[in-house]
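# Coordinates in review
One letter stands for each residue in the lines below.
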Amino acid sequence: MTDRTDLPPRSTASCGADAVIAPPRPRREAADGDAAARWPLAAIEALFELPFADLMYRAQATHREHHPANAVQLSTLLSIKTGGCPEDCAYCPQSARYTTGVANEPLLDVAAVTAAASAARDAGATRFCMGAAWRSVKDRDLEPVLELVAAVKAMGLTTCCTLGMLKDGQAEKLKAAGLDFYNHNLDTAPDFYGDIVTTRDYDDRLATLARVRDAGLSVCCGGIVGMGESRRQRAGLIGQLANMDPYPESVPINHLVQVEGTPLATRLDGEPALDPLEFVRTIAVARITMPRAMVRLSAGRRELGEAVQALCFLAGANSIFYGDRLLTTGNPDVEADRALFAKLGLAAA
Ligand code: SF4
């Protein structure tokens, strides 16, 4: 899942889930010499190392081949169950292990969620994502979530949930209730993952993704950059995503938002922030390697500023989280986004 702002600072969570059709499981690595990988790690690293203008040119050409040039999808994310999560994701203010000022709140009811969905739709959003800070979904919690999904679907919005890990049969119930996408992020490359999360492993994530795909849901799966990973590890994350068969339909790319009280805020204190152009490169490489995916600017967008966001759109980003708040962190407000779209000649989709 992701986060929420102003309570305390901000963050970047990413529980999420995802999937792939039955037997074909997501490939674990796009390693050098892996002839079966469509995108060997070396090829992805080579993209990262292109001269910036060459990389942007290639990303923009790929983007225009597969998507309307100036259309950007508006998604709104609502935290339907905030805080109190038992997991230890080092970036996340919703973990019960860290003192971040995020309270453990109960699941929102249908009235609250449909009111938020209605406001999002009225503001122009076409996709509504519901996030719960759970390690996995208990059956007793799934039932009320199914009601939320059905209610939001009935409003004509594309639906997405991120609820943590799924057990057998749960993805099918979500699908039957009207869910379109399930989000479950990989967070980072396998060889950096243990530095960020220790309470569940990479294979747990891949297993949930497989359940999602098997159920016929579309997959939303991405990660977070700026957590202290190397460029090779950023390439490793993109390789994990791009070599899924099929790759995710929706790829959220988060820029870490350091939230006071989380381990990453301490660990990265005094360290240089990720170069914004490296974030733009990551977007471009995601676009080139996953040409049909919706590549979404997610957490951290406010901190990027208008010029870097414009470069991200040029690099092929074609979806944003829209609204004043993500799960627990801030987001550019709606008016600021409208002004930016007008300035760039972008149309909401
Ligand atoms: S700590 Fe919990 S809510 Fe936060 S990203 Fe991890 S699984 Fe999601």
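Model, not experiment: these values are computed from the prediction.

So, about unusual backbone geometry. The step from aspartate 245 to proline 246 runs through a cis peptide bond, and the omega angle for that step is 0 degrees. Within the secondary structure layout, proline 246 lies in the loop between helix H8 (231-242) and strand E7 (250-255). Phi is positive for aspartate 187, close to 75 degrees, though the residue is something other than glycine. Looking at where aspartate 187 falls in the secondary structure, it is placed in the loop between strand E4 (181-183) and helix H6 (190-193).

Another point: the environment of histidine 66. Summarising the element assignment, histidine 66 is placed in helix H2 (residues 52-66). Spatially, the C-alpha atoms of histidine 66 and proline 291 are 6.5 Å apart, while their sequence positions differ by 225 residues. Filtering out sequence-adjacent residues up to four positions away, histidine 66 remains in contact with Pro291 and Arg292.

This paragraph deals with the pairing of strand E3 (residues 158-162). The buried fraction of E3 is high, at four of five residues. Of the strand pairs in this sheet, strand E2 (residues 127-132) and E3 are connected by five bridges, and their pairing is parallel. Residue pairing in the sheet places glycine 131 in a bridge with threonine 162 of E3. Read from E2 through helix H4 (residues 139-153) to E3, the crossover connection turns out right-handed. By the bridge criterion, two bridges tie E3 to E4 in an arrangement that is parallel. What sits directly across from cysteine 160, in E4, is phenylalanine 181. At this point the chain moves from E3, through helix H5 (residues 170-177), to the parallel E4, and the crossover so formed is right-handed.

Definitions and cut-offs
- Each residue is numbered by its place in its chain's sequence as written, counting from 1.
- Thresholds applied to this predicted model are a pLDDT of at least 70 for local features of residues and 80 or more for the giving and counting of side-chain atom pairs; totals over whole chains, interfaces and linings are not thresholded and use all residues.
- Only DSSP runs of H or I reaching four residues or more are called helices, and only runs of E reaching two or more are called strands; each is numbered from the N terminus.
- Residues are scored as being in contact if the C-beta atoms we place from backbone atoms lie within 7 Å.
- Any residue surrounded by 20 or more other C-beta atoms within 10 Å of its C-beta is treated as buried, while 12 or fewer makes it exposed and the intermediate range makes it partly exposed; C-beta atoms here are placed from the backbone.
- By definition, two strands form a pair when at least two bridges between them are found by DSSP.
- Handedness of a crossover is defined as follows: orient the strands so they point away from the viewer, and if the path from the first strand over the helix to the second runs clockwise, the crossover is right-handed.

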